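Letter by letter, the chains look like this.
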Amino acid sequence: MKNIMVVGAGQMGSGIAQVCAQSGFHVVLHDIDLPRVEQGFRKIVENVRRLRKRENITESEENRILNNIKITTDLYTGYDSELVIEAAIEQMGTKKQIFQQLDEMMPKTTILATNTSSLPITEIASVTNRPEKVIGMHFMNPVPVMKLVEIIRGLATSDETYSFVKKVTEQIGKVPVEVNDYPGFISNRILMPMINEAIYALQEGVATKEAIDEIMKLGMNHPMGPLQLADFIGLDTCLYIMEILHEGLGDDKYRPCPLLRKYVSAGWLGKKSGKGFYEYEEKRTR
């Protein structure tokens, strides 16, 4: 296998494209318009140049990585890809539309993977004529740094598809961990309720945001407090995942905190909007 297409050039998609290119794969990076895909590629260039400045790679290695990436707004450009990794917005309707398009235009042998952090793989696969070749590859953020990839099998995902994706994950220097298709999988089923509970503690006046984060960093050895982490993830994303957990598992212990809803309604989405639980000078781009 030599060719991978990444659909979605945002923070996650550009990171996935970078690690695949670093590992020697030819990567087609796609997004719906040229400004978005160019912005994603610029982020890759910045990251790779940063690697070189730290003397982790040579100039020739830098050029090789960047030359391994082709950007496009046309899905057909990635027609010869053996694996497509979708990393678009975390909305079921959007993902279903993308998977329908990919299913129609890609060879029947192509494996279609989604980087969804919480949506059911089985439902995404249901809109294709190849559910046995649909699988979840949930990368962690930031992709170039984090080692884990949750590999999620849908109801129809074949053993051959799982084995193939597991091997590719190892080839790009990540650690694959198999998970079954349940709302939030493992990472977000555990992480998001912790963040949600921290927001409840803030809402109820148990402690200040700084105190809550400091206690989790110093007492639990977390590298980042839950409220700061929520800002980095995006409060809208946190709310959306909690809603998926609440709806999918039917348990009120997953009910999103009203304060989280209030912040999202106000447009306080975290670092990407410049304000969340904390304030940020620079807005993070998509």
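Keep in mind that this is a model prediction, so the values were computed, not measured.

A. Spotlight on the layout of surface pockets. Quantified by volume, the second largest pocket comes out at close to 260 Å³. Top contributing element to the lining of the second largest pocket by residue count: helix α4 (residues 92-105), with four residues. Tallied by class, the residues present in the lining of the second largest pocket amount to six nonpolar, five polar and three charged.

B. Examining the UniProt feature "domain: 3-hydroxyacyl-CoA dehydrogenase NAD binding" (unreviewed entry) in the protein more closely. The feature "domain: 3-hydroxyacyl-CoA dehydrogenase NAD binding" (unreviewed entry), as given by UniProt, occupies residues 4-181 in the numbering adopted here. Secondary structure over residues 4-181 splits into 41% helix and 22% strand, and the C-alpha atoms at its two ends are 24 Å apart.

C. A look at the side chain of E90. Among the structural elements, E90 can be located in the loop between β4 (83-86) and α4. Of the polar contacts made by the side chain of E90, one reaches the side chain of T116; its length is 2.7 Å. A polar contact of 3.0 Å, which involves the side chain of E90, links it to the backbone nitrogen of S117. With near-sequence residues (within four places) excluded, E90 lies in contact with K95, T116, S117, S118, L119 and Y240.

D. Seen up close, the sheet that holds strand β6 (residues 134-139). Strand order in the open sheet formed by eight strands is β3-β2-β1-β4-β5-β6-β7-β8, and the pairing between neighbours is mixed. Where the open sheet ends on each side, the last strands, each with one partner, are β3 (69-72) and β8 (175-180). Taking each pair of neighbouring strands and ignoring which way they run, the sheet shows an average axis angle of 25°. By the bridge criterion, four bridges tie β4 to strand β5 (residues 111-114) in an arrangement that is parallel. For L83, the partnering residue across the bridge sits in β5 and is I111. Running over the sheet, helix α2 (residues 34-53) touches β2 (26-30) and β3 and is turned about 160° from β3.

E. Up close: unusual backbone geometry. A cis amide bond links N141 with the next residue in sequence, P142, at an omega value of 0°. Assignment of secondary structure puts P142 in the loop between β6 and β7 (148-153). Unusually for a residue other than glycine, N221 sits at a positive phi of about 65°. Examined against the element boundaries, N221 turns out to sit in the loop between α8 (209-220) and α9 (226-233). N221 gets classed as exposed once you look at its relative accessible area, which sits at 68%.

Rules of the game
Residues numbered from 1 in each chain as written. Predicted model: local features only at pLDDT ≥ 70, side-chain atom pairs only at ≥ 80, totals over all residues. Heavy atoms only, no water. 1 Å grid on protein atoms, 1.4 Å probe; cavity = no way out; pocket = protein on both sides within 12 Å on 5 of 7 lines; lining within 4 Å. Points joined across faces, edges and corners; volume = space filled by probe spheres on them. Helix = DSSP H or I, 4+ residues; strand = E, 2+ residues; numbered from the N terminus. Nonpolar A, V, L, I, M, F, W, Y, C, P; charged D, E, K, R; others polar. UniProt positions renumbered as here; feature names shortened; annotations may be inferred. Polar contact = N/O pair within 3.5 Å; in protein donor to acceptor, adjacent residues only side chain to side chain. Contact = heavy atoms within 4.5 Å. Pairing = 2+ DSSP bridges. Axes fitted to C-alpha atoms, helices over the stretch in contact; angles between N-to-C directions. Buried < 20%, exposed > 50% of the residue type's maximum accessible area, 1.4 Å probe, protein only.

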